[in-house]
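# Survey of secondary and tertiary structure
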Amino acid sequence: QVQLVESGGGLVQPGGSLRLSCVASGFSGNIYSMTWYRQGAGKERELVAGVTEGGTTHYSDSVKGRFTVSRDNAKNTLSLQMNSLKPEDTAVYYCNALRYSDPYGYPGSWGQGTQVIVSS
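Residues numbered from 1 in each chain as written. Predicted model: local features only at pLDDT ≥ 70, side-chain atom pairs only at ≥ 80, totals over all residues. Heavy atoms only, no water.

## Side note on the environment of Gly9
Mapped onto the secondary structure, Gly9 falls in the loop between strand E1 (3–7) and strand E2 (10–12). Taking relative accessible area as the criterion, Gly9 reaches 34% and is therefore assigned partly exposed. It is 6.3 Å that separates the C-alpha atoms of Gly9 and Leu20, two residues lying 11 residues apart in sequence. Those residues in contact with Gly9 that sit more than four places away from it in its chain are Leu18, Leu20, Thr114, Gln115 and Val116. (Helix = DSSP H or I, 4+ residues; strand = E, 2+ residues; numbered from the N terminus. Buried < 20%, exposed > 50% of the residue type's maximum accessible area, 1.4 Å probe, protein only. Contact = heavy atoms within 4.5 Å.)

Encoded structure:
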């Protein structure tokens with residue numbers, strides 16, 4: 001498993017920005033993918049953005065052009081720069097990591113989440 005700790009959440013007004021961070025530790029081997037998910041109240045958890053070790057990124061349609069995901073492999077960190085935030089971005093944001101050595105079908109390791117509230 002990978003221990004993941006997220007930070008950077010908070011309260012922000014619509015149109016504002018936040019930067020989330022996730023630090024991975026306590027693992028062996030390399031991490032293949034690191035991904036941000038979010039879960040709003042009463043909603044299912046959904047993928048937000050992710051990046052592979054090689055730098056390939058992917059985004060949900062709802063955040064394309066507003067969010068930027070980045071990763072520092074040397075520091076085992078994942079970041080999410082969130083701009084032009086909307087009330088519908090309000091959610092708990094979770095970091096997920098999947099190692100090359102994780103068995104097929106393994107969902108990956110999860111952090112405890114960080115709350116983002118977009119409200120005036």
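## Structural notes on the state of the cysteines
Evaluation of the coordinates by the stated rule reveals 1 disulfide. With a sulfur-sulfur separation of 2.1 Å, Cys22 is cross-linked through a disulfide to Cys95. Measuring handedness by torsion sign, the sulfur bridge of Cys22 and Cys95 sits at about -80 degrees and is left-handed. With Cys22 in strand E3 (residues 18–25) and Cys95 in strand E9 (residues 91–99), the pair connects residues that are 73 residues apart, well separated along the chain. (Disulfide = S-S within 2.5 Å.)

## Details of the sheet that holds E3
In any sheet, the strands associate via hydrogen bonds between backbone groups, in a parallel or an antiparallel arrangement. Strand order in the open sheet made by the 4 strands is E1-E3-E8-E7, with antiparallel pairing throughout. Each of the sheet's edge strands pairs with one partner strand only, and the pair in question is E1 and strand E7 (67–72). On average, adjacent strands in this sheet sit at an angle of 15 degrees to one another, irrespective of strand direction. One ladder, built from 6 bridges, connects E7 with strand E8 (residues 77–82); its direction is antiparallel. Across the sheet, the residue bridging to Val69 is Leu80, located in E8. (Pairing = 2+ DSSP bridges. Axes fitted to C-alpha atoms, helices over the stretch in contact; angles between N-to-C directions.)

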